[in-house]
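Notes for the structure review
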Amino acid sequence: MMEKSPLASRLAGKIEGELLFDAFSRGRYATDASIYQMTPLGAVIPKSLDDIETAMGAARELGASVLPRGGGTSQCGQTVNHSLVLDNSKYFNRILDLDVANRRCVVQPGIVLDELNRALKPHGLWFPVDVSTASRATIGGMAANNSCGGRSLRYGTMRDNVLSIEAILADGTRTTFGAVDRNGVLGNDPTSALISEMLALGAREQAEIAARFPNIIRRVGGYNIDALTPDHARNNMAHLLVGSEGTLGYFTAIELKLSPLQSTKVTGACHFPTFHAAMDAAQHLVPLQPAAVELVDDTMIALARDIPMFRQTISQFVQGDPAALLLVEFAEGSDAANAAKLEELSDKMAELGFGFDRSGKHWGGSVAVTDLKLQNDIGEVRKSGLNIMMSMKSEGKPVSFVEDCAVELPDLAAYTAGLTEIFEKHGTKGTWYAHASVGCLHVRPVLNMKLDKDVKTMRAIAEECFDLVAHYKGSHSGEHGDGIVRSEFHEKMFGPQMVASFNEVKDRFDPNRLFNPGKIVQPPKMDDRRLFRYGPDYTVKPMKTALDWSAWPGAGGGFQGAVEMCNNNGACRKLKGGVMCPSYRVTRNERDVVRGRANSLRLAISGQLGPDAFASDDMAETMKLCVSCKGCKRECPTGVDMARMKIEVLAARAEKHGLSFHDKLVGYMPAYAPFAAKLPWLANARNWLPGAAKLTERLTGFTASRKLPAWSNDPFLDTEFQDADPDVVLWADIFNRYFEPENLRAAGRVLRAAGLRVAVVRPADGKDPLDCGRTYLAVGLVEEARASARRALKALVPHAEKGVPIVGLEPSSLLTLRDEWPVLVPGPEADLVAQHALMLEEYLVRNEIALPLKPLGRPILLHGHCHQKAHNVMPDVQKTLAMIPQAEVSVVETSCCGMAGAFGYGKDTVETSLKMAELDLLPAVRAAAQDALVVADGTSCRHQIKDGAAREAIHVARILEMALDAGGKGA
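Residues numbered from 1 in each chain as written. Predicted model: local features only at pLDDT ≥ 70, side-chain atom pairs only at ≥ 80, totals over all residues. Heavy atoms only, no water.

Quick notes on empty space enclosed by the protein
Convention followed: Think of a 1 Å grid over just the protein atoms. A cavity is a set of points where a 1.4 Å probe fits yet cannot get out, a pocket is an open set with protein on both sides within 12 Å along at least five of seven lines, and lining residues have an atom within 4 Å of a point. Grid points are joined across faces, edges and corners, and a volume is the space filled by probe spheres set on the points. A run of DSSP states H or I qualifies as a helix once it reaches four residues; a run of E qualifies as a strand once it reaches two. Both are numbered from the N-terminal end. Classification used: nonpolar for Ala, Val, Leu, Ile, Met, Phe, Trp, Tyr, Cys and Pro, charged for Asp, Glu, Lys and Arg, polar for all others including Gly.
Scanning the entire structure with this criterion turns up 5 cavities of 30 Å³ or more. Here the largest cavity defines a volume of roughly 620 Å³. Forming the walls of the largest cavity are 43 residues, and the residues nearest its centre are T73, S74, G141, N145 and S147. A per-element tally of the lining of the largest cavity places helix α5 (residues 139–145) first, with 5 residues. Considered class by class, the residues forming the lining of the largest cavity number 12 nonpolar, 24 polar and 7 charged.

In structure tokens:
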């Protein structure tokens, strides 16, 4: 519900886009990836230039400030303020012009870097400022920040790749800033006068700029007034706006210089026995002319090994236990040239005294990585460096404030040694990674920002660190900008005369402080706790939780700490690749992304959204489109498991408000399924009786536009497979048991064909079949789910104690035993069963089960269930299908199919469900050959494919059954 405000009232009915002035929305826009939190006046999601001008005009009239925002991933507090936020990322994100021949394009500020590069790739071009946040960083944000990227050694910074910027000035003037002739600025309009005054400032301050600006690539602090000096006949005025952090004008179009795509590349992973040795070596490796030299320290290696999606990558290129790695990338245009560079690198490491056959301070060397996929996987680890560091579960976290100072390469080892001494002096240590090639290392001391003493420590470290940077004539802001963290230190770094010039620029462009006040000039103190995410009054009261959160600290048995793991890095905002976050990919709403939900939870449990916010309707809306895909469980670098957190919200709502009839139908399915199975014609009446679906839509909450899964008239029985002394026990889930029993029968036959004894797990009490509790959890009935788990454990533990594998077919069910049970019924029994619970494909591959299979003679299109991806089961699924002779398997790169249990059948969610499917899955299925076998293990996935693409999808168990050799045992 929109809260009353003069600004909201002024804009109501005048904006084509969206107005967000409610408490939850303002809370979601109050933070970025920094330590700060400033609640905005509201947010506008503009659809057009008219929307932007209307919003700016209203703000100007009411004396409100304006904050342009893209991905909201700033680490210094640039994108938080008590302002009207204008979020460009949802609509204002098009390519306006592309000139392939001249390698240039014009884009709107909200376009995401990865999206731009996907569009440029067919033309053999890319935009090479390859920041680690490329999956969510917008070009407008990158320009405002003067972003750099890992390959700035070759391609320069954002400033070097921006040709012109169209902007709206504080008085509403729309103009374009680009290259100008110093002697030819003509006209009496305000823009010409502004340009002339800026050029005059550059000429006046030329000597001071030369004396005070660091002579290094990585200097993004302050305003780029060095772009105004009369060193050349022409100056590019856009370069003054680059790095201005939204304080000088509102960017509406940005002209970019493009580069040819890199054709081939290789990486040398240089191992070092000490951190100092790696830092000292950087100056000797850069003369080899690499495209990039990236640092990875031992802390990051250790943390990455604990993160499922990075563990395998680390094992493939890291030898032993190095104290630090330098990842040296070459892109010379040919395989031969790259190979020669790797040889040079190896020789240089030997020349520096390192060898894998040596020990102590001389141990080390270079590991050549030529496989492109592995290089890309290593790149993902590198890009996730910040977030990997933030995955620590303790109250103390690596804090960004001296994050990316830069010095010249000969000073790098001494500088890092001095900074380490500062950290040790204050009782902490730093985590290190990033751009050794340009002397810019991301370092974060571990501190607890909830403690006043640690805040004071942060201040002391900052003062001493910036003194050290000044001693080496370096830059205190080498990549991530100024924001709140660094702006107050400009006088220390640049001197009072330069800071006066910065103020002069701001006063001339924005005299009334319309744009993002308090950044770069006239900033607050960096340690003003009133601006912190965890301010002086931040508390979370004791709260009852339904699951075990003891792996984290804080209230709710650790639930608080789990929620606070979100550092707003925005990895969940990616639009391609992986799974998370499928609802965001459809809606592009901050509410519908993991970060937005985590912020809502944090604000709710800390009382910042009012009483009872946790179980409120607004929180329910926040969670509504979360399909519990668990993509975040694997892909969120800090481990935010929103699917599990959603269970807590649902449980709180169920306790306070009860369940709707729709929720009861979903949740209590295990209780009524045995009865429904006895009268399937009646249970299926809604599907075949004319008008029944429409008549019951309002009562049941199931959309009339789709048929529900049909109850089988021949459900699976536990007695069908009951071999004595089984080699494997089969977990018969509710979905395959009652709707697609042929899958369970196929699995039993396949296992028997391998010569295995098979028994279905049966309840000890001999009553209703066992259930994992999945449907109960889906509606917040945690106690019912817990009872189901305990009942099932009694039957499963005896098998697990004998080491007998528990094999299942439905990912959402079987993987509940691995994921939810240990936090639902924590203890050694649940842990034991979780260790023995395997998907069919995992069991076959890991135990090297031989099957007498024959070729099918048909291509196979494979779609993976989200939970299979979250638990890294997909490689085993692919290996299982590869057992079929001559099998041609292609994998659909998809996020969630969108069905997600009952989600795709809900009358309020069916539209979003189908949009999710249309992103990748359904187009791929429609494009598949007519004779292709479409394979999907998930019950929901198979129904979505059938409903959306009119193709029958089948379980892997049935594919294997089809391929069984006719002469094989049990065929």
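Regarding helix α43 (residues 910–919)
Applicable threshold: Burial here depends on accessible area, computed with a 1.4 Å probe over protein chains only, as a share of the maximum for the residue type. Under 20% is buried, over 50% is exposed, and the range in between is partly exposed. The arc in question is the one spanned by the directions pointing from the helix axis to the C-beta atoms. Contacts: residue pairs with any heavy atoms within 4.5 Å of one another.
Turning to α43, its buried residues number three or more, namely V910, T912, S913, M916 and A917. All buried residues of α43 fall inside an arc of 165° around its axis, so they share one side. Residues of α43 that are buried make contact with α23 (582–587), α44 (921–927) and α45 (939–949).

Quick word on the packing of aromatic side chains
Rules: Between rings of Phe, Tyr and Trp, where Trp is taken as its six-membered ring, a pair exists when centres lie within 6.5 Å; planes separated by under 30 degrees are stacked, by over 60 edge-to-face, and by other angles tilted. Charges are assigned to positions over rings by a cutoff of 6 Å between ring centre and Lys NZ or Arg CZ, combined with an angular limit of 35 degrees from the ring normal.
In this structure the tally under the stated criterion is 19 aromatic pairs. Relative to F502, the ring of F494 has its centre 5.4 Å away and its plane inclined at 85°; by these criteria the two rings are edge-to-face. As far as the burial class goes, F494 and F502 line up, both buried. Ring geometry for F559 and F614: centres 5.9 Å apart, planes at 80°, overall edge-to-face. One end of the pair, F559, is in helix α22 (residues 559–563); the other, F614, is in the loop between α24 (594–605) and α25 (617–624), and 55 residues separate them in sequence. In textbook terms, an aromatic cluster arises when at least three aromatic residues are bridged by ring pairs, as seen for F213, Y223, F494 and F502. Across from the ring centre of Y534, 5.0 Å away, lies the NZ or CZ of K450, which sits over that ring. One residue, R706, lies across the ring of Y905, its end atom 5.7 Å from the ring centre.

Observations regarding the pattern of salt bridges
If the charged atoms of two oppositely charged side chains come close together, the side chains can form a pair. Heads up, the condition is: We define a salt bridge as a side-chain nitrogen of Lys or Arg found within 4 Å of a carboxyl oxygen belonging to Asp or Glu.
Tallying each qualifying case throughout the model produces 70 salt bridges. Across the pair E197 and R508 runs a salt bridge whose closest N-O atoms are separated by 2.7 Å. Here E197 is found in helix α8 (residues 190–204), whereas its partner R508 is found in helix α21 (residues 496–509), with 311 residues between them in sequence. When its relative accessible area of 37% is taken as the criterion, E197 is described as partly exposed. Its relative accessible area of 28% is what places R508 among the partly exposed residues.

Observations concerning the nonpolar core
Heads up, the condition is: Put simply, buried Ala, Val, Leu, Ile, Met, Phe, Trp, Tyr and Cys residues joined by side-chain atoms within 4.5 Å make one nonpolar core.
Core analysis: the largest hydrophobic core is formed by 135 residues, its most contacted members being M642, L817 and W821. In this view, M642 contacts V594, R597, A598, L601, M623, C626 and C632; residues no more than four positions away in its chain are not counted. The next biggest cluster of nonpolar side chains, apart from the first, holds 111 residues, and it includes V293, F423, M458 and M526.

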